[in-house]
Amino acid sequence: MLKTRQKLFDTYLSVLAQQTPGQVTIQRLTTKANLNRVTFYKHFHNLAEFHAQFIEHYILELYELMKSLNYKTYTKGFEFEALLQLLEHIKANHKTYKILLTSPNIADFNKALLAYFQQRISKHTTELAKFDFPGTGVDQTIVAWYGVSALFGTIIMWAQSDFKYSPEQLANAIVRL
């Protein structure tokens, strides 16, 4: 059952590299996945539900990857460790994340990922204030917004550059900023 869902997600990902979600039909998707429509309907009610679960699948994948970090104390080294773990995962799955992060056809993935990053960084706003912009008098919420936007934009540009830098190089550079 999970293999079928993953096969549909993988196929959908390749289709979204070329088409908008509105151009995709269940018939086209199942044909390309070498499945029949009945199989699709065993898992999903319609394309809208499928698309929502597709986005959720990849956001949850990142959440699961980062979940263990929720229980660690925030330190300067924590920032590098968390970032490196995220970047290594994205690089190891570069074909998937290149499409997810750079395709204009999946803007709702970027919106969901940005919300996830905001939630993660906002959790550590007080701890971040100890390290980020000390003494500037900038509100911690603004520091969090700035950090999320810079990180998210950098990851997207990294994907657009075909992952020009290694995860370690990029993590080191971001942490030094």
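Moving on: the packing of aromatic side chains. The tally for this structure, following the rule as stated, stands at 14 aromatic pairs. Arranged with centres 4.8 Å apart and planes meeting at 85°, the rings of Trp158 and Phe163 form a pair that is edge-to-face. Per residue, the accessibility class of Trp158 equals that of Phe163, and both read buried.

For the rest of this paragraph, the subject is the packing of helix 6 (residues 94-102) against helix 9 (residues 140-160). Between helix 6 and helix 9, the least distance of the axes is 9 Å, while the angle of their chain directions is 120°. Classified by the interaxial angle, the pair formed by helix 6 and helix 9 is oblique. Seen from above, helix 6 lies across helix 9 with left-handed handedness. On helix 9, the residues touching Lys98, Leu101 and Thr102 of helix 6 are Ile155, Ile156, Ala159 and Gln160. Its residues placed into classes, the contact of helix 6 with helix 9 shows four nonpolar, two polar and one charged.

On to helix 9, then. Taking 1.5 Å of rise per residue, the 21 residues of helix 9 would be expected to cover 30 Å, and the 30 Å separating its terminal C-alpha atoms lies within 8% of that figure. Taken as a whole, helix 9 has its buried residues at Val143, Ala144, Val148, Leu151, Phe152, Ile155, Ile156, Trp158 and Ala159. In the segment just after helix 9, Asp162 is the residue with positive phi, at about 60°.

Nonpolar side chains tend toward joint burial in soluble globular proteins. Of all hydrophobic cores here, the largest spans 44 residues; its most connected members are Phe54, Leu101, Phe109 and Leu113. Residue assignment for this core shows that the elements contributing at least two residues are helix 1 (2-16), helix 2 (26-32), helix 4 (47-67), helix 5 (76-92), helix 6, helix 7 (107-123), helix 9 and helix 10 (167-176). Ignoring anything within four residues of it in the chain, the contact list for Phe54 reads Phe9, Tyr12, Leu13, Leu16, Leu100 and Ile106.

Analysis parameters
- Residues numbered from 1 in each chain as written.
- Predicted model: local features only at pLDDT ≥ 70, side-chain atom pairs only at ≥ 80, totals over all residues.
- Heavy atoms only, no water.
- Phe/Tyr/Trp six-rings, centres within 6.5 Å; stacked < 30°, edge-to-face > 60°.
- Buried < 20%, exposed > 50% of the residue type's maximum accessible area, 1.4 Å probe, protein only.
- Axes fitted to C-alpha atoms, helices over the stretch in contact; angles between N-to-C directions.
- Helix = DSSP H or I, 4+ residues; strand = E, 2+ residues; numbered from the N terminus.
- Parallel < 35°, antiparallel > 145°, perpendicular 65-115°, else oblique.
- Left-handed = near helix turned anticlockwise from the far one by under 90°.
- Contact = heavy atoms within 4.5 Å.
- Nonpolar A, V, L, I, M, F, W, Y, C, P; charged D, E, K, R; others polar.
- Expected span 1.5 Å × (residues − 1).
- Core = buried A, V, L, I, M, F, W, Y, C linked by side-chain atoms within 4.5 Å.

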